[in-house]
Amino acid sequence: MSPPPISTLIPSTTILTAVFPPKSPQPSPLSDPKQPPHSHSQTQSSSSFSLVPTTRRKAAAGVILTSIVSLIHQPPVATAFSFGISGPKDWLREQKKKASKYLLAPIDASRNSLQAAYLIITASGTSPEKDLEEVQRLLISASRDCIPQERNSIVTFQSNTGVEVCTFKLVLKNAASLLDDKDPTKIEAETKLNDLERSFSSLNSVTNGTTPQLVSDRQKVADALMDTISSLNKFEQGVKDCLEI
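About the criteria used
- The residue numbers shown here count from 1 along each chain, following its written sequence.
- Note on the predicted model: pLDDT of at least 70 is required for a residue's local features to be given, and 80 or more for side-chain atom pairs to be given and counted; whole-chain, interface and lining totals, by contrast, use all residues.
- For side-chain calculations, the full set of non-hydrogen atoms in the structure is used, while hydrogens and water are omitted.
- Secondary structure follows DSSP: runs of H or I at least 4 residues long count as helices, runs of E at least 2 residues long count as strands, and numbering of each begins at the N terminus.
- Categorising residues by exposure relies on relative accessible area from a 1.4 Å probe, with only protein chains included: less than 20% of the type maximum marks a residue as buried, more than 50% marks it as exposed, and the intermediate range marks it as partly exposed.
- It only takes one pair of heavy atoms within 4.5 Å for two residues to be counted as in contact.
- Every accessible area reported is derived by Shrake-Rupley at a probe size of 1.4 Å, with residue values counting cover from the shown protein chains alone.
- By convention a nonpolar core is built from buried Ala, Val, Leu, Ile, Met, Phe, Trp, Tyr and Cys residues, the set being connected through side-chain atoms within 4.5 Å.
- Known as pLDDT, the predictor's per-residue confidence is scaled from 0 to 100.
- Each reported salt bridge corresponds to a side-chain nitrogen of Lys or Arg within 4 Å of a carboxyl oxygen of Asp or Glu.
- Only rings of Phe, Tyr and Trp enter the pairing, Trp through its six-membered ring, and a pair is recorded when the two centres are within 6.5 Å. The plane angle decides the type: under 30 degrees is stacked, over 60 is edge-to-face, the rest tilted.
- Note on definitions: angles span 0 to 180 degrees between N-to-C directions of axes, and those axes are lines fitted to C-alpha atoms, for helices only across the stretch in contact.
- If an angle is under 35 degrees, it is roughly parallel; if it is over 145, roughly antiparallel; if it lies from 65 to 115, roughly perpendicular; otherwise it is oblique.
- Under the convention adopted here, Pro, Cys and the residues Ala, Val, Leu, Ile, Met, Phe, Trp and Tyr are nonpolar, Asp, Glu, Lys and Arg are charged, and Gly plus all remaining residues are polar.
- In a helix, the anticipated span is given by 1.5 Å times the number of residues less one.
- It is the directions from the helix axis to the C-beta atoms that the arc portrays.

The chain is annotated in an unreviewed UniProt entry as Pectinesterase inhibitor domain-containing protein from Lactuca virosa.

This is the structure:
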């Protein structure tokens, strides 16, 4: 017997299709079931263009990941703020140093007034009474409201209501604001301020009780003026020590 032809051994396409029907394409879970399926040509064209946004998404994800890693490993920006206020203190101290010229200006002005008063009281003027009046005026100006008995009514009222009126106290308060109350530099400056206030009070008493025609009395005023100038210089140095200049 002759073997059967090959065509009888290989089932036809129709039979294969009937026995093993092709699987219908399953819709994507994210696709809209109402959306009609795309043709094969559209699928090929869209797949070629989908590479670009996929690449961009990967690049964007890489940038975000790099940013997160850099933030994690980034050193603290403000270590001073994390461990206290030494940073702001240092900055404020430098600002005070830069503004020291203006902070010390009232002390310098007081010294100029006292020196002018000294020149007047030691000069041989033709009118001792007028000279003494000018010395007293300069003294009031130089004391900067730090002599209680020489304050006017407005300044006295402010002082009684708790407002600080002594310019020298305000200068020291500003200069030593970054120092502790028990800081030796601040305590020393406060001691010099007390000495200065006593010098002004003593000078005021001597000036008010002097007889301008007497050379000895005029010399007492001159000596008191020099003592006050010396106390003012020491106080100025105490302020500079607080400012570290």
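Draft legend 1. Expanded view of the overall build of the chain. For the chain, the count of helices and strands is 13 helices and zero strands. Each of the 245 residues in the chain was classed as buried or not, and the buried ones make up 26%. Taking all contacts inside the chain whose residues are at least 6 apart in sequence as the whole, residues at least 24 apart take part in 73%. Of the accessible surface of the chain, which amounts to about 17100 Å², a share of 60% is contributed by carbon and sulfur atoms.

Draft legend 2. Layout of the nonpolar core. Residues Ile107, Leu114, Phe168, Leu172, Phe200, Phe235 and Val239 are the most contacted members of the largest nonpolar core, which totals 34 residues. Elements that contribute at least two residues to this core include exactly α8 (105–122), α9 (128–143), α11 (167–175), α12 (184–208) and α13 (215–243). If one sorts the elements of this core by residue count, α13 sits on top with 10 residues. When sequence neighbours within four positions are dropped, the list of residues in contact with Ile107 reads Phe168, Val171, Leu232, Phe235, Glu236 and Val239.

Draft legend 3. Examining the side chain of Ser199 more closely. Within the secondary structure, Ser199 sits in helix α12. According to the relative accessible area criterion, Ser199 is buried, its value standing at 15%. In contact with Ser199, other than residues within four places in its own chain, are Asp227, Thr228 and Ser231.

Draft legend 4. Summary view of the environment of Asp223. Here Asp223 lies in helix α13. You can call Asp223 partly exposed: its relative accessible area is 39%. C-alpha separation for the pair Asp223 and Leu203, spaced 20 residues apart in sequence, amounts to 9.0 Å.

Draft legend 5. Seen up close, the confidence of the model for the chain. Across the chain, pLDDT averages 78, with 64% of residues at or above 70. Taken as a whole, residues 6–20 scores under 50 in pLDDT and shows four contacts with residues more than four places along the chain or in a different chain. Long-range and interchain partners of residues 75–85, a stretch whose pLDDT sits below 50, account for four contacts in this model, where long-range means more than four residues apart.

Draft legend 6. Fine view of the pattern of salt bridges. One pass over the full model with this rule turns up nine salt bridges. A salt bridge links Glu236 to Arg111, with the shortest nitrogen-to-oxygen separation between them at 3.1 Å. Linking Glu236 in helix α13 with Arg111 in helix α8, this pair joins segments that are 125 residues apart in sequence. In this structure, Glu236 and Arg111 share a single accessibility class: buried. Through salt bridges with shared partners, one network takes in Asp90, Arg93 and Glu244.

Draft legend 7. A look at the packing of aromatic side chains. Going through the model one piece at a time under the given rule, you end up with two aromatic pairs. Ring geometry for Phe168 and Phe235: centres 5.8 Å apart, planes at 70°, overall edge-to-face. On the criterion of sequence distance, the pair formed by Phe168 in helix α11 and Phe235 in helix α13 is long-range, its members being 67 residues apart. The two residues Phe168 and Phe235 agree in class, both being buried. Ring pairs connect the aromatic residues Phe168, Phe200 and Phe235, which therefore count as one cluster.

Draft legend 8. Representation of the packing of α11 against α12 within the structure. Where α11 meets α12, the closest approach of the two axes is 11 Å, and the angle between their N-to-C directions is 170°. Compared by their axis directions, α11 and α12 come out roughly antiparallel. Facing Phe168, Lys169 and Leu172 of α11, the residues of α12 in contact are Ala189, Glu190, Leu193, Leu196, Glu197 and Phe200. Its residues assigned to classes, the contact of α11 with α12 comprises six nonpolar, no polar and three charged.

Draft legend 9. A look at the environment of Glu129. Position of Glu129 among the secondary structure elements: in helix α9. Separated by 83 residues in sequence, Glu129 and Pro212 place their C-alpha atoms 5.9 Å apart.

Draft legend 10. Quick peek at α9. For α9, with 16 residues, the first-to-last C-alpha span of 22 Å sits near the 22 Å given by 1.5 Å per residue. Restricting attention to buried positions, one finds in α9 the residues Pro128, Asp131, Leu132, Val135, Leu138, Leu139, Ala142 and Ser143. Buried residues of α9, seen end-on, are gathered within an arc of 130° and therefore sit on one face of the element. Exposed positions of α9 whose direction lies more than 90 degrees from the buried face are Lys130 and Glu133. Those residues of α9 hidden inside the fold are in contact with α8, α11, α12 and α13. Phi turns positive, to about 55°, at Arg144, one or two residues after α9.

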